[in-house]
Amino acid sequence: MSGGGRPLLALVFEAPEACRTRLLAQGFSPGHAAEIAAYLDQSTDIAPEFDAIAQACEARGFGFRPVDLGEAPTLFAAFDPARTLVWTLTDGIQFFRGSTAPALARLHGISTFGSDDSLFALCQDKFRSGAVLRALGLPVPPAGLSRDGEWLVPPPPAPDGFFVKPNRLGAKIGIWEDSRCRGQAEALSLSRRIFAAYRDETVVQAYVPGRNIRASFLAVEPQAGAERLGLSIVDSGGDFQTMTDSLALSGAKGTEAAAMGLRQDPRLEPVVATQPEADRRIRTHAAKLMGALGLRDVFSLDWRVEGDGTVHLLEFEVCPGLPYFDFMTYVREEWGLGLAQAMAEAAARKFEGQAASA
C-alpha cells in the first residue's frame, strides 16, 4: 500500500478543526478554543502546496500522501515500513497531539524525517526544555514556573523584569501587550489570567533585551550542518510578537488580512550583515544542539541578540511553520528552491541514505 512498491513520503498533520472540536468538548470557550487551534493553521496553509509537493516527489521517483493525524494509526499499520518516510508537520503533548506521529512511526518500524521523537514532547514544555538546554550549557534566560497565581518554582531575581508566557502553547498564544512585567505580583496576575483562559502553567522568564532572531534549518543535503542555518533578525515593529500579531500572519485570518491590504510580514535582516559575532555564536550553539540534543533534518530556534552580540536562546521548535514567510524565504535564499522542491529533495536524499545503509 506504499505507492505500488515505490517509496512513499507521508506528511502527517493535525487539523485545527479537530483540535477546536476536542477543546470545545472539554469546556473551553469558543474564542479560546479557536485561539489554541490556530497553532495548527500550518496544516491548512500548506494544503495548497500538496499538488506541487506530489509533482516534485513524482519527479524524484516516489509518492506523496498527506495523512490526517486521526487516520495515522490505521494507515501506518498498512504502509510498507521499508519504503515509507514519515514527516510530521505539528508537535504537541497537551493541547496538540502531533508528537504521537513519530512515536507511532517508531512503533511500526517506519523511518522518520525530523528530530529525535522525544523532542516532539520536550519542545512543547518550555520550562522543562529550558532546564535541559541550561544543563547543556546553552545561554537560556533563567525562569520560574507558576500555576494559577501560585509559584511552583519561584523565579530568580531579574533586574529587567520578567517575560510571562504559557508553558505548553505555541504560536504566541497567551502572549499579550503586557506580557513583559516588572515584578512578581504582576507575573502572578498574568499567571491567573493564563490559567483562566487556557488552563496552562506559566513560565516566568527573566526578560532579556535585544532583537528577535529566527534560525531556520532544512537538511536538503543530508550532511548539512549549522553552516546551512538561515539566521534572520525579525523586525515586527515591536519588542516582541503578540498573539494578535501571530494570528494576523497565519491561517484564514492571515489570508483575509492580506486580501484587505492589512497584512505586512515582518522584515527579515541577515544577522551576519550587522552582527557577525552573534551569527558565529548562534551557529556554534546550534551545532551543539544538533550533536547533543538530537535536532536534525528540520527545525527552528528563537533567539534574542543584544547590541554587543550577546545571544539568548528562548526556545526550539521541531516543526517550524513550513508554509510561512520566514521559512519559505529561508529555503529560497539558502537552497535556491521553492518549498515543494526543497521538501521533495530533502526526502529524496533521505530515501537514498536509507537505501545505501540497507
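For the structure itself, consult the block above.
Described below are features of the structure shown in this document. (Residues numbered from 1 in each chain as written. Predicted model: local features only at pLDDT ≥ 70, side-chain atom pairs only at ≥ 80, totals over all residues. Heavy atoms only, no water.)

1. Points about the state of the cysteines
Right, so step 1: Here the structure, examined in full by the defined rule, presents 0 disulfides.
Right, so step 2: Cysteine Cys319 shares no disulfide, and the gap to the nearest cysteine sulfur, in Cys123, comes to 6.8 Å.
Right, so step 3: Cys319 gets classed as buried once you look at its relative accessible area, which sits at 8%. (Disulfide = S-S within 2.5 Å. Buried < 20%, exposed > 50% of the residue type's maximum accessible area, 1.4 Å probe, protein only.)

2. A word on empty space enclosed by the protein
Right, so step 1: Following the criterion strictly, the structure yields 3 cavities of 30 Å³ or more and no others.
Right, so step 2: The volume enclosed by the second largest cavity comes to roughly 80 Å³.
Right, so step 3: Forming the walls of the second largest cavity are 14 residues, and the residues nearest its centre are Lys126, Gly130, Val140, Gln205 and Leu314.
Right, so step 4: Tallied by class, residues from the lining of the second largest cavity come to 7 nonpolar, 3 polar and 4 charged. (1 Å grid on protein atoms, 1.4 Å probe; cavity = no way out; pocket = protein on both sides within 12 Å on 5 of 7 lines; lining within 4 Å. Points joined across faces, edges and corners; volume = space filled by probe spheres on them. Nonpolar A, V, L, I, M, F, W, Y, C, P; charged D, E, K, R; others polar.)

3. Looking at the pattern of salt bridges
Right, so step 1: This structure, assessed with the given rule, holds 22 salt bridges.
Right, so step 2: A salt bridge links Asp125 to Arg168; its shortest N-O distance comes to 3.0 Å. You can see Asp125 sitting in the loop between α7 (119-122) and α8 (126-135) and its partner Arg168 sitting in the loop between β7 (162-166) and β8 (180-181), a full 43 residues away along the chain.
Right, so step 3: Judged by relative accessible area, Asp125 falls into the buried class, the value being 3%.
Right, so step 4: The partner of Glu269 in a salt bridge is Arg211, and the shortest N-O contact between them spans 3.4 Å. On the criterion of sequence distance, the pair formed by Glu269 in strand β12 (residues 267-270) and Arg211 in strand β10 (residues 211-218) is long-range, its members being 58 residues apart.
Right, so step 5: For Arg211, a relative accessible area of 36% translates into the label partly exposed.
Right, so step 6: Several salt bridges converge on common partners, so that one network encompasses Arg60, Glu345 and Arg349. (Salt bridge = Lys/Arg side-chain N within 4 Å of Asp/Glu carboxyl O. Helix = DSSP H or I, 4+ residues; strand = E, 2+ residues; numbered from the N terminus.)

4. Quick notes on the sheet that holds strand β3 (residues 84-88)
Right, so step 1: If you trace the 4 strands from one edge of the open sheet to the other, you get β2-β1-β3-β4, paired in parallel fashion. Every interior strand has two partners, whereas the edge strands, β2 (63-68) and β4 (111-113), have only one. Neighbour-to-neighbour, the strand axes of the sheet open up by a mean angle of 30°, direction not taken into account.
Right, so step 2: Pairing between strand β1 (residues 8-13) and β2: 6 bridges, direction parallel. When the bridges of β2 are listed, Leu8 appears paired with Gly63. (Pairing = 2+ DSSP bridges. Axes fitted to C-alpha atoms, helices over the stretch in contact; angles between N-to-C directions.)

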